[in-house]
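Each chain is listed here by its residues.
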Amino acid sequence: MKDLKTVMSFTIKDMIKRKSFVISTILILVLIVIGFNIPNIIKAVKGEDQGDKLLVIDRQNEFEGTLENLKQMNLGYDIEIASENYTDEQIKEKIDEEEIKSALIIEPENQTIKVRYLLKNTTMMEQVPETLQRSIQSLYTNLQIGKLGLTQEQLQSLTPNFNFSLEQTEEQKASGNVFAMMILSLVLFYAIYFCAYQVSSSITTEKTSKIMETLVTSTSPRTIVLGKTIGIGIVGLIQMILIVATALISAKLFLEPGMIESLLDMSNVTPYLGIITIVYFILGYFAYALLYALTGSTVSKPEDIQSANTPVALLAVVGFYLSYFTMMNPTSELNGFASLFPISSPFCMPFRIMMGLASTTDVMISIAILVVTILIIARVAIKIYSNAILNYGSKMNLRDLIKMARDKNA
Amino acid sequence: MGLILKEVKKNYGEKKAVDNITFSLDKPGVFGLLGTNGAGKTTTIRMLLGILKKDGGEITWNGQTVERKHVNFGYLPEERGVYPKVKIYDQLMYFAELKGMKKQEADRAIHEWAKVLKVEEYLPMNAEKLSKGNGQKIQFMTAVIHNPELIVLDEPFSGLDPVNTEILKNVIIDLVSKGKYIIMSAHQMATIEEFCTNILILNQGKTVLQGNLKEIKDTYPANRAEIDVEQDIRSSIQKYDLTIENEVNHHYTIKIEEEEKVHQLLRDLVENKIKVNQFEIKKPTLNDIFIEKVERGVK
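Everything numeric here is computed off the predicted structure, so don't read it as measured data. (Residues numbered from 1 in each chain as written. Chains lettered and ligands numbered in written order. Predicted model: local features only at pLDDT ≥ 70, side-chain atom pairs only at ≥ 80, totals over all residues.)

**Q** Just give me the short version of the overall build of chain A, but keep the residues and values in it.
**A** If you tally the helices and strands in chain A, you get 15 helices and 4 strands. Here chain A holds 410 residues, and the buried ones make up 33% of them. The long-range share in chain A, meaning contacts at least 24 apart out of those at least 6 apart in sequence, stands at 78%. (Helix = DSSP H or I, 4+ residues; strand = E, 2+ residues; numbered from the N terminus. Buried ≥ 20, exposed ≤ 12 C-beta atoms within 10 Å, placed from the backbone. Contact = placed C-beta atoms within 7 Å.)

In structure tokens, the structure reads:
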């Protein structure tokens, strides 16, 4: 136990003293702070955002002066109603000189009213913005209805307030923003994958720098593997907490209130989800870190590390995509399977919990399967590690590894 | 008491890496474990350190079966290694703690050993900045820092300059005087002859020779004569049917088959009033014995 603590604290010290680790962590944190400040930066550069300037020209006064009402409709534009009848050339000039962003020209044509929307480049647009279309139409309808001298009831019956809602017949119901959950899944994947990869790289360093023989005469291989795995895991967890905390504090400090809530459904972000996410991070990390310990120990030369680690990387990618793609249809059986399958469950289950799809029993079963898998991987990894670390010959193949795993003497 | 290896075996698949070897160290001193590359020395060392399971036989230290958790051994492996990006002091402290030392005790030992091995100034440095020889001294420190009773040194002098070799030799002599058991493996036979009372020569996993070095050498008849004179004596040597193995500035190394012939040569030289500066009949060196034993094994 004392040795385990010694290996752990040595690993932690070694990790946090590495320049690459310090620089990358600081860089991530700075990027997060900058990211949350982007709206403020844009505001500072462009001045207070009042929306893009839109010039409205009613050539024949079809709207009889009621266009001023557009300004009260919160359409996201800084609207100016033209006081004079600009020609198309004059309008184009204004747009080119960026005096205005766009213009809406209203003029009668035969029996219809033609509304042209002018802007510099239409590549990103398929049609005139729907909000503008609707507002113009309703403004004109109201103008004409007002002329009919209808009673209040008649007016109401003509403009009913429809309340559209979307409902499903299936009993299991997913709630929450799939986009936000995907981010959670992606963050979990990268956190688990990169932390676990460190274990492999740390073991290979020990092997290629020939320190291994001194190390295994000082303590048992089991202590080395577990101490190293736990040590790097603690550093990874602290790094993840640091990132999440920086993100939360930045959101609170730099974003306008309500901005996050308008993008994500925060009602699903509960302490329970936080704990479960940390539990799955730890378990997922252990599963992949121990696999990486296994592959790392089979390598004698630094140039072989990539190829030795490929199978684990593939497994992680398959696990991740299995959960990622089934998220598009979270109530599907495949997504349920992904939340139980040990290579994908760490990336999938927190998502299902956030979507309100996983019962406590599901979570317990998923964790139990993952823990059993970790114990099996740990047993095999420590056995192979014990045998492989003293092998400085050619790269080992699968047959050698199976033989080592079966070796009762190791 | 001491270390006993009895009929120890290890196979790698079909290959017998170590085949029934038996030896013991019953009192403090240096034991020489010799062999060509791949003879089974490292495998034997790993088994006696408890980091490799044996396939048969018995290894005991002070009557107790050797297992990693029971033994307090020190080991300088042939493959030298240090953590390149970790401060020397930190890695010495790491290994000392793993070997059960308390921080204060380890700190004292690190500074004491650094002083003896003249590496004090390197303690705050990262290991990647060290020269090969200094790196080796640091690794030697990891082997002895915890004051082990049995120390295994695999090629301790390779890569050291003459000054550092002398420092390390004195340290080894000092360790023996303090009652330590040392197993030394080396390719330089002169080093082994200097330190070891008992030796074992391995070839292809088998013991080809073992015992007290002096006794072994006594069983071999003299095989060379060294004669240092001031003039050319080739004709005299040829007269007695002797073979010149080497000649530098009238210093002759002559192969002996019958010792009497060399005595006749000496008499001849004296009678002819040739000034003889040195005349020595020599027993075979350990190097000669080693090559003879290994070559015979190959044949």
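**Q** Pulling in residues and values, what's your account of the overall build of chain B?
**A** Counting secondary structure elements, chain B contains 10 helices and 14 strands. The principal-axis extents of the C-alpha atoms in chain B amount to approximately 75 × 45 × 30 Å.

**Q** How would you sum up the pairing of strand β3 (residues 102–109) of chain A? Please name residues and give values.
**A** Residues and elements named next belong to chain A. In the sheet, strand β1 (residues 52–58) pairs with β3 via 5 bridges, with the strands oriented parallel. Opposite Leu54, over in β3, you have Ser102 as the bridge partner. In the sheet, β3 pairs with strand β4 (residues 112–119) via 8 bridges, with the strands oriented antiparallel. Across the sheet, the residue bridging to Ala103 is Leu118, located in β4. Counted between consecutive antiparallel strands, the loop separating β3 from β4 contains 2 residues, among which Asn110 sits at a positive phi close to 50 degrees. (Pairing = 2+ DSSP bridges.)

**Q** Requested: an account of the sheet that holds strand β12 (residues 243–248) of chain B, with residues and values cited.
**A** All names here are of chain B. Here 4 strands make up an open sheet; going across it, the order is β12-β13-β11-β14 and the pairing antiparallel. Two strands close off the open sheet at either side, each with one partner strand: β12 and β14 (276–282). Strand after strand, the sheet turns through a mean of 15 degrees between neighbouring axes, direction not considered. Bridge count between strand β11 (residues 224–229) and strand β13 (residues 251–255): 5 bridges; the pairing is antiparallel. Bridge pairing in β13 places Ala225 opposite Ile254. Sheet contacts for helix α9 (residues 259–271): β11, β13 and β14; angle to β14, the most-contacted strand, approximately 175 degrees. (Axes fitted to C-alpha atoms, helices over the stretch in contact; angles between N-to-C directions.)

**Q** Kindly report on the interface of chain A and chain B, identifying the contributing residues and their values.
**A** At the interface, 17 residues of chain A touch 22 residues of chain B. Counting residues per element, the ones that place at least two in the side of chain A that touches chain B are α1 (2–17) and α7 (212–216) of chain A. Among the elements that take part in the side of chain A that touches chain B, α1 of chain A stands out by supplying 4 residues, more than any other. Grouping the constituent residues of the side of chain A that touches chain B by class yields 5 nonpolar, 8 polar and 4 charged. (Nonpolar A, V, L, I, M, F, W, Y, C, P; charged D, E, K, R; others polar.)

**Q** Would you mind going over the sheet that holds β4 of chain A in detail, with residue names and values included?
**A** Residues and elements named next belong to chain A. Strand order across the open sheet formed by 4 strands is β2-β1-β3-β4, with mixed pairing between neighbours. Lying at the two open borders of the sheet, with one neighbouring strand each, are β2 (77–81) and β4. Strand-to-strand twist in this sheet, taken as the mean axis angle between neighbours without regard to direction, amounts to 20 degrees. Each of β1, β3 and β4 touches helix α3 (residues 88–96); the most contacted strand, β4, lies at about 30 degrees to it.

**Q** Can you lay out the domain arrangement of chain B for me, pointing to particular residues and giving the numbers?
**A** Here the domain parsing of chain B yields domain 1 (3–218) and domain 2 (221–282). When each unit is reduced to the centre of its C-alpha atoms, the spacing between domain 1 of chain B and domain 2 of chain B is 42 Å. (Domains from an automatic or database assignment.)

**Q** Report on the confidence of the model for chain B, specifying residues and quantitative values.
**A** Looking at chain B, pLDDT values average 87 and 98% of them are 70 or higher. Scored by ipTM, the complex comes to 0.79, with pTM at 0.76. (pLDDT = per-residue confidence, 0-100.)

**Q** Residues and numbers for helix α4 (residues 132–144) of chain B, please.
**A** Compared with an ideal rise of 1.5 Å per residue, which puts 13 residues at 18 Å, α4 of chain B spans 19 Å between its outermost C-alpha atoms and is within 8% of the ideal. The element α4 of chain B is largely enclosed, with a buried count of 11 among its 13 residues. Within the span of α4 of chain B, buried status applies to Asn134, Gly135, Gln136, Lys137, Ile138, Gln139, Phe140, Met141, Thr142, Ala143 and Val144 of chain B. Buried positions along α4 of chain B lie against α7 of chain A together with β6 (73–76), α2 (88–98), α3 (103–116), β7 (150–154) and α5 (162–177) of chain B. (Expected span 1.5 Å × (residues − 1).)

**Q** Tell me about the packing of α1 of chain A against helix α8 (residues 221–254) of chain A, and name the residues and values.
**A** All names here are of chain A. The geometry of α1 relative to α8 is characterised by a closest axis approach of 8 Å and an angle of 45 degrees between their N-to-C directions. Here α1 lies oblique to α8, going by the angle between them. Of the two elements, α1 crosses α8, and the hand of that crossing is right-handed. The residues of α8 that touch α1, namely those facing Asp3, Leu4, Val7, Met8, Thr11, Ile12, Met15 and Ile16, are Thr223, Ile224, Leu226, Gly227, Lys228, Ile230, Gly231, Ile232, Ile234 and Val235. Of the residues that constitute the contact of α1 with α8, the class distribution is 12 nonpolar, 4 polar and 2 charged. (Parallel < 35°, antiparallel > 145°, perpendicular 65-115°, else oblique. Left-handed = near helix turned anticlockwise from the far one by under 90°.)

**Q** Talk me through the environment of Leu184 of chain A; I want residue IDs and the actual numbers.
**A** All names here are of chain A. Along the chain, the position of Leu184 falls in helix α6 (residues 178–208). It is 22 Å that separates the C-alpha atoms of Leu184 and Thr361, two residues lying 177 residues apart in sequence. Leaving out residues up to four positions away in the same chain, Leu184 has contacts with Pro350, Phe351 and Met354.

**Q** Can you explain the packing of α1 of chain A against α2 of chain B? Please cite residues and give values.
**A** Two numbers describe how α1 of chain A lies on α2 of chain B: the axes approach to 9 Å, and their chain directions differ by 165 degrees. Taken together, α1 of chain A and α2 of chain B sit at an angle that is classed as roughly antiparallel. Two packed elements cross with a definite hand, and for α1 of chain A against α2 of chain B that hand is left-handed. Residues Asp3, Thr6 and Phe10 of chain A of α1 of chain A lie in contact with α2 of chain B, whose contacting residues are Tyr94, Glu97 and Leu98 of chain B. For the contact of α1 of chain A with α2 of chain B, the per-class residue count stands at 3 nonpolar, 1 polar and 2 charged.

**Q** Quick rundown of the nonpolar core? Include the residues and the values.
**A** Grouped together as the largest cluster of nonpolar side chains are 135 residues, with contacts concentrated most on Tyr288 and Ala289 of chain A together with Met184 of chain B. A total of 14 residues in this core trace back to one element, the largest contributor, which is helix α10 (residues 271–297) of chain A. When neighbours within four sequence positions are excluded, Ala289 of chain A is seen to be in contact with Cys195, Ala196, Val199, Thr229, Ile232 and Gly233 of chain A. Counting 12 residues, the second-largest nonpolar core is a separate cluster that includes Tyr77, Ile79, Ala103 and Leu104 of chain A. (Core = buried A, V, L, I, M, F, W, Y, C linked by C-beta atoms within 7 Å.)

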